[in-house]
Amino acid sequence: MGEIILTMKGIDKTFPGVHALDNVDFELYKGEVHALMGENGAGKSTLMKVLTGIYRKDKGTITYEGKLVEFTNPREAQQAGIVIVHQELNMLGHLTVAQNIFIGREYMKGVKIDDARMNVEASKLFKRLNIDIDPTEKMSNLTVGKQQMCEIAKAISHEAKIIVFDEPSAALTESEVDELFGIIRDLKEKDIGIIYITHRMDEIKIITDRVSVMRDGAYVGTLISEDSTKNDIISMMVGRIIYEEPKTKSTVAKDAPVVLKVENLNAGRSVQDINFELYKGEILGFSGLMGSGRTETARAIFGADPKESGNIYINGAKVEINNPEDAVKHGIGYLSEDRKRFGIVVRRTVSENSTMANLENFMKGIFIDKKKENTETEKYVESLAIKTPSVDQLVVDLSGGNQQKVVLTKWLVKNCDILIFDEPTRGIDVGAKSDIYKLMNELVKEGKSIIMISSELPEVLRMSDRVIVMCEGRKSGELRIEEATQEKIMHLATLDD
Amino acid sequence: MYQIKQNPVVKKLGFNRIVLSMVLIAMYCFFAIFAKNFVSYNRILSALNYAYFLGFLALGVTFVIATGGIDFSIGPVMFCAAIMSGYLLTHYNWPLWICLIASIAIGALFGTFNGYLVAYKNVPPFITSMAIMQISKGVASVFTKAQSVSWPQLAHENGWYRNLIRVRVGNMYFPVGLVILLITAIICAIVLNKTKMGRYFLTLGSNKEALRLSGVRVRKWQMLAYTICGLLAGVAAIFFVAAYTTVQPGYGDQYNNEAIAGCVMGGTSMAGGLASIGGTFIGGMIISILQEGILAIGLNKNYQLVITGIIVIVAVYLDVLSRKRRV
Ligand SMILES: Nc1ncnc2c1ncn2[C@@H]1O[C@H](COP(=O)(O)OP(=O)(O)OP(=O)(O)O)[C@@H](O)[C@H]1O
Ligand SMILES: [Mg+2]
């Protein structure tokens, strides 16, 4: 390994009611991939925001390339060679991919922006990184995964010496993650220091050299990735060991009735002729690559997007679902994969977000029963271990994983019979993940049914009673959990006909 | 600073509102010192005349801004309501109380139309309200054949509506209007903060799509915000004529900006999702005293426009600054 490029020492940062960073140390070598791990709200993103000048630290020193530095805004950090790929996407939907990548440093032709040149440059960049995206495409037309890849490409296009990835893989499918790892290995060759935040344990061994762990805003320690086991890291993170066993047998009753039946559903290119049934008490996994149409299928069922044709039956009766309101009335809830755009209301509080889908039940006459609302929310804050000073905290001030838990709370409060969870554990730490799995199992035991869209194969295999695989807008196969393996799923997901 | 903000009393009242109240008092003192005869009962009554109609306008537009929208038509809509209902009263001899209701209804109608276009037809509120501004001016002119309308004086048999702003008690006046405005503000605050409607307004101002995907009929609620805004413009019309009696078609633009300024100054965010009725109330007062004060220190009406314009910029800029941290 090369020489030290960055040393952070004794970093301290306090927000109202939260001691987010408590005397944290961190160190990075040139050409090193250094993982940063810790539970939701441990302070990982905050530490990186302090490094890149988004937040001012209260105490501590940052030494970069042998000099003490203090960046007051992200631009300064960028110019010095430190860039960050944020946990939340920061792309402007109405601009093209190329315009987004070169925003703030556009190529000019006199006073005019030279779009042609930017498209060419972006193409070159994508080719170099082996990414297949059209630079002239409008950003909002891309899937979350593709947007994330653009975000990564943008960061790399700066001549950086340190690149911070804040949970880059959370929005990516397995194959895209492989692409990302290829890119990272390339950067490593060039002696660039990489800080890699993730909640996925299996990535540690594959891509990182060392891993530092944070807990409750404090630095716990650093391990050499090669010499440490998953359990070493987990116990450092949460102070306990978590067992994960794949499901081997369906837990659905033999005579369970069909609660939801989807027949010949069509909605654009991504949803073609979809047929399936969901049984009472079942967790039905939806697997497939990014862009295979899983989210689009869910949105069409839920009425979030218009459908062209197809029938939906609930408990045997045909229903008309033309908008989310109809869907919710029929007892369907949909947790979106894109929490920032479709999930959370950042400027409102935790409790307001939690009761949003079910305000009718929190009324006392014409007034909202604030007490009842808070009590109910506190229940979930406790059971899901949402890290927040109070239920009156604005959601914008929560960490990414905790925001995800708040969106989940919304649908739990609504108490729907059919839940469609689109990437339910995105950005959620291992400990909380197993809590959410437990909760999902409890929900189906109570007789609810869950459709779980997930890009993490281990998650699909661990939770599902049955797996539907999609490929290019079509259902390419269906597997009972007893017969499902990673290989079989991947095979179905990449069928080309 | 942080210490002060965390003080429980300050927290309860709201830091912004305390600062705002101090600005109001400071401004009053400024004019008291530099303007002739500013500290007189008549001056206060005159400033209040302005504060009433502006207050209702500002309260109304607060709902719209809370949803992330904007309404540039409230001033002309207020004029249109005052002119049309006044014409019904003076030319067609409709009973006064029906005319007052008509004024409110006209305002609500314009607001609903505006809201319908915004919510159901996805036209940007900036555009729709500009169009409605023109339409309302035109409608008023056509209705009265471009004549101005004078509402009756107090002595007239139909003059009792003027008691809505003040009644004579001995040789003093009691400001009834202030009481009505205050009560309306309290109702607005309750609606915004304690009812489902207000909650939905604020939520859809922050993330409309998330609310829609929660199964809420967002279009309906979004439209309703404009209806309320228009309705309060109709109420404002009554208080405008109760203070000034004469209204002329083709005017009223200036009051949009003043109402929006009062609202934003009071802490309602132009980006939607955050709103303060108390702030709007005080903000409206500040604008009104400013109008009176500018005249009192001997500057003419044009200065009013310049100074109010500057205040709008400063208020919006401060809003942007204070929200910078949370994108
Ligand atoms: N702007 C802010 N205002 C108030 N509190 C904040 C703010 N930003 C972060 N926090 C709090 O600081 C703590 C650390 O947050 P941070 O985002 O760094 O967590 P994280 O380790 O990145 O978690 P995750 O894995 O969920 O992304 C959290 O408790 C969070 O609520
Ligand atoms: Mg984070």
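About the cut-offs
- Residues numbered from 1 in each chain as written.
- Chains lettered and ligands numbered in written order.
- Predicted model: local features only at pLDDT ≥ 70, side-chain atom pairs only at ≥ 80, totals over all residues.
- Heavy atoms only, no water.
- Helix = DSSP H or I, 4+ residues; strand = E, 2+ residues; numbered from the N terminus.
- Rg over C-alpha atoms; globule rule 2.2 N^0.38 Å.
- Contact = heavy atoms within 4.5 Å.
- Areas by Shrake-Rupley, 256 points an atom, 1.4 Å probe, with all protein chains shown as cover.
- Lys, Arg positive; Asp, Glu negative; His and termini not counted.
- Charge placed at Lys NZ, Arg CZ, Asp CG, Glu CD.
- Buried < 20%, exposed > 50% of the residue type's maximum accessible area, 1.4 Å probe, protein only.
- Disulfide = S-S within 2.5 Å.
- 1 Å grid on protein atoms, 1.4 Å probe; cavity = no way out; pocket = protein on both sides within 12 Å on 5 of 7 lines; lining within 4 Å.
- Points joined across faces, edges and corners; volume = space filled by probe spheres on them.
- Nonpolar A, V, L, I, M, F, W, Y, C, P; charged D, E, K, R; others polar.
- Core = buried A, V, L, I, M, F, W, Y, C linked by side-chain atoms within 4.5 Å.
- Donors = N, O, S within 2.8 Å, 3.2 Å for Na, K, Ca; no water.
- Expected span 1.5 Å × (residues − 1).
- Axes fitted to C-alpha atoms, helices over the stretch in contact; angles between N-to-C directions.
- Parallel < 35°, antiparallel > 145°, perpendicular 65-115°, else oblique.
- Left-handed = near helix turned anticlockwise from the far one by under 90°.
- Pairing = 2+ DSSP bridges.
- Domains from an automatic or database assignment.
- pLDDT = per-residue confidence, 0-100.
- Salt bridge = Lys/Arg side-chain N within 4 Å of Asp/Glu carboxyl O.
- Buried area = accessible area lost by both parts, 1.4 Å probe.

Asker: Would you mind showing me how to read the overall build of chain B here?
Answerer: Along the backbone of chain B there are 13 helices and four strands. In terms of overall size, chain B behaves like a compact globule, its C-alpha atoms giving a radius of gyration of 20 Å where 327 residues would be expected to give roughly 20 Å. Each principal axis of the C-alpha distribution contributes one length, and for chain B these read about 55 × 50 × 35 Å. Counted over contacts in chain B with a minimum sequence separation of 6, partners at least 24 positions apart contribute 75%. A total accessible area of about 14,500 Å² is found for chain B, and carbon and sulfur atoms account for 68% of it. Taken together, the 25 basic and 7 acidic charged side chains of chain B have centroids lying 10 Å from each other.

Asker: Sorry if this is basic, but what is going on with the overall build of chain A here?
Answerer: Each helix and strand counted, chain A has 17 helices and 24 strands in total. Radius of gyration (C-alpha) of chain A: 23 Å, near the 23 Å computed for a compact globule of 497 residues. For chain A, buried positions account for 58% of its 497 residues. Here chain A displays about 20,700 Å² of accessible surface, and carbon together with sulfur accounts for 48% of that area. On chain A, the mean spot of the 66 positive side-chain charges and the mean spot of the 78 negative ones are 3 Å from each other.

Asker: Please explain the state of the cysteines as it appears in this structure.
Answerer: Any covalent bond linking the sulfur atoms of two cysteines counts as a disulfide. In this structure the tally under the stated criterion is zero disulfides over all chains. Not engaged in a disulfide, the cysteine Cys263 of chain B finds its nearest cysteine sulfur in Cys229 of chain B; these two sulfurs lie 9.4 Å apart.

Asker: Quick question: what am I supposed to make of the layout of surface pockets here?
Answerer: Over the atoms rolls a probe the size of a water molecule, and in doing so it shows where empty space is left. By volume, the second largest pocket is sized at about 450 Å³. When the residues that make up the lining of the second largest pocket are grouped by side-chain class, the tally is eight nonpolar, one polar and 12 charged.

Asker: Whenever I open this one, the nonpolar core confuses me. Can you help?
Answerer: For soluble globular proteins, the rule of thumb is that nonpolar side chains tend to be buried together. Phe53, Leu57, Met78, Trp151 and Val247 of chain B are the most contacted members of the largest nonpolar core, which has 101 residues in total. Broken down by element, this core gets its largest block of residues, 17 residues, from helix H10 (residues 218-244) of chain B. Counting 66 residues, the second-largest nonpolar core is a separate cluster that includes Leu278, Phe286, Val406 and Val444 of chain A.

Asker: Please clarify how the coordination of the magnesium ion (ligand 2) should be interpreted in this entry.
Answerer: Working reference: metal with six octahedral donors, ideal angles 90 or 180 degrees; metal with four tetrahedral donors, ideal angle 109.5 degrees. All names here are of chain A. Taken together, Ser45 (OG) and Gln87 (OE1) make up the full set of protein donors to the magnesium ion (ligand 2), lying 1.9 to 2.3 Å away. Taken as a pair, Ser45 in helix H1 (residues 44-51) and Gln87 in the loop between strand S6 (82-85) and helix H3 (97-101) lie far apart in primary sequence, 42 residues in all. Relative accessible area serves as the criterion here: at 18%, Ser45 is assigned to the buried category.

Asker: Got a minute to help me understand helix H5 (residues 74-90) of chain B in this structure?
Answerer: Each full turn of the α-helix corresponds to 3.6 residues, which orients residues three or four apart in the same direction. With 17 residues, H5 of chain B should cover 24 Å at 1.5 Å per step; its first-to-last C-alpha distance of 24 Å lies within 8% of that length. Within H5 of chain B, 16 of the 17 residues are buried, leaving the element largely enclosed by the surrounding structure.

Asker: Please clarify how the packing of helix H11 (residues 253-265) of chain B against helix H12 (residues 277-296) of chain B should be interpreted in this entry.
Answerer: All names here are of chain B. Axis separation between H11 and H12 bottoms out at 7 Å; the angle between their running directions is 130°. Looking at the two axes, H11 sits oblique to H12. When the axes of H11 and H12 are compared, the crossing they make is right-handed. Touching Glu258, Ala261, Gly262, Cys263 and Met265 of H11 are Gly279, Thr280, Gly283, Gly284, Ile286, Ile287 and Gln291, all from H12. Residue composition of the contact of H11 with H12, by class: five nonpolar, six polar and one charged.

Asker: I tried to follow the sheet that holds strand S13 (residues 258-267) of chain A on my own but got confused; where do I start?
Answerer: Strands in a sheet are paired, the pairing made by backbone hydrogen bonds, and the direction either parallel or antiparallel. Residue and element names in this part refer to chain A. Strand order in the open sheet formed by four strands is S14-S13-S16-S17, with antiparallel pairing between adjacent strands. The strands lining the two open edges of the sheet, one partner per strand, are strand S14 (271-279) and strand S17 (317-319). Direction aside, the axes of adjacent strands within the sheet are offset by 20° on average. Bridge count between strand S16 (residues 309-314) and S17: three bridges; the pairing is antiparallel.

Asker: Help me understand empty space enclosed by the protein, please; the structure alone is not making it clear to me.
Answerer: Residues and elements named next belong to chain A. Evaluated as defined, the whole model comprises eight cavities of 30 Å³ or more. The calculated volume of the largest cavity comes to roughly 100 Å³. Together, 13 residues line the largest cavity, and Ala170, Arg200, Thr425, Gly427 and Glu456 are the ones closest to its centre. By residue class, the composition of the lining of the largest cavity is two nonpolar, five polar and six charged. Here the lining of the largest cavity spans two domains, since at least three of its residues come from each of domain 1 (4-238) and domain 2 (258-493).

Asker: What is the right way to read the confidence of the model for chain B from this model?
Answerer: The predicted structure's coordinates, where accompanied by low pLDDT, should not be read in detail. Chain-level pLDDT for chain B is 89 on average; 94% of the residues reach the 70-or-more range. Averaged pLDDT values over the elements of chain B bottom out at 58 in helix H1 (residues 2-6) of chain B and peak at 97 in helix H6 (residues 96-121) of chain B.

Asker: What is the right way to look at the pattern of salt bridges in this model?
Answerer: Side chains that carry opposite charge are capable of pairing whenever their charged atoms lie near each other. Scanning the entire structure with this criterion turns up 34 salt bridges over all chains. In this structure, Lys379 of chain A and Glu376 of chain A form a salt bridge, with 3.5 Å as the shortest nitrogen-oxygen distance. Residue Lys379 of chain A and its partner Glu376 of chain A are both found in helix H13 (residues 370-383); the two are separated by three residues, about one turn of the helix. Here Asp253 of chain B makes a salt bridge to Lys137 of chain B, at a shortest N to O gap of 3.0 Å. In this pair, Asp253 of chain B sits in helix H11 while Lys137 of chain B sits in helix H7 (residues 125-144), placing the two residues 116 residues apart along the sequence. On the basis of relative accessibility, which here comes to 28%, the residue Asp253 of chain B falls in the partly exposed class. Among the charged side chains, a salt-bridge network with shared partners connects Arg348, Glu352, Lys370 and Glu373 of chain A together with Arg199 of chain B.

Asker: Would you explain the pairing of S13 of chain A in this entry?
Answerer: Moving residue by residue along a regular strand, the side chains alternate between the two faces of the sheet. Residues and elements named next belong to chain A. Summarising the sheet, S13 and S14 pair through six bridges and their orientation is antiparallel. Within S14, the residue paired with Lys261 across the bridge is Glu277. Here S13 folds back onto S14 in antiparallel fashion, the turn holding three residues, of which Gly268 has a positive phi close to 70°. Here S13 pairs with S16 via five bridges, running antiparallel.

Asker: Where do I start with the domain arrangement of chain A in this structure?
Answerer: Accessible area lost when the parts come together is the quantity often used to give the size of an interface. All names here are of chain A. Assigned domains within chain A: domain 1 (4-238) and domain 2 (258-493). Each of domain 1 and domain 2 has a C-alpha centre, and the two are 28 Å apart. With 29 residues of domain 1 in contact, the opposing surface of domain 2 contributes 28 residues. Area buried by domain 1 at its contact with domain 2 is led by Asn40, Glu88 and Glu174, which between them contribute 26% of it. Joining domain 1 to domain 2, the criterion identifies two salt bridges. A salt bridge links Glu456 to Arg200, with the nearest nitrogen and oxygen atoms 3.7 Å apart.

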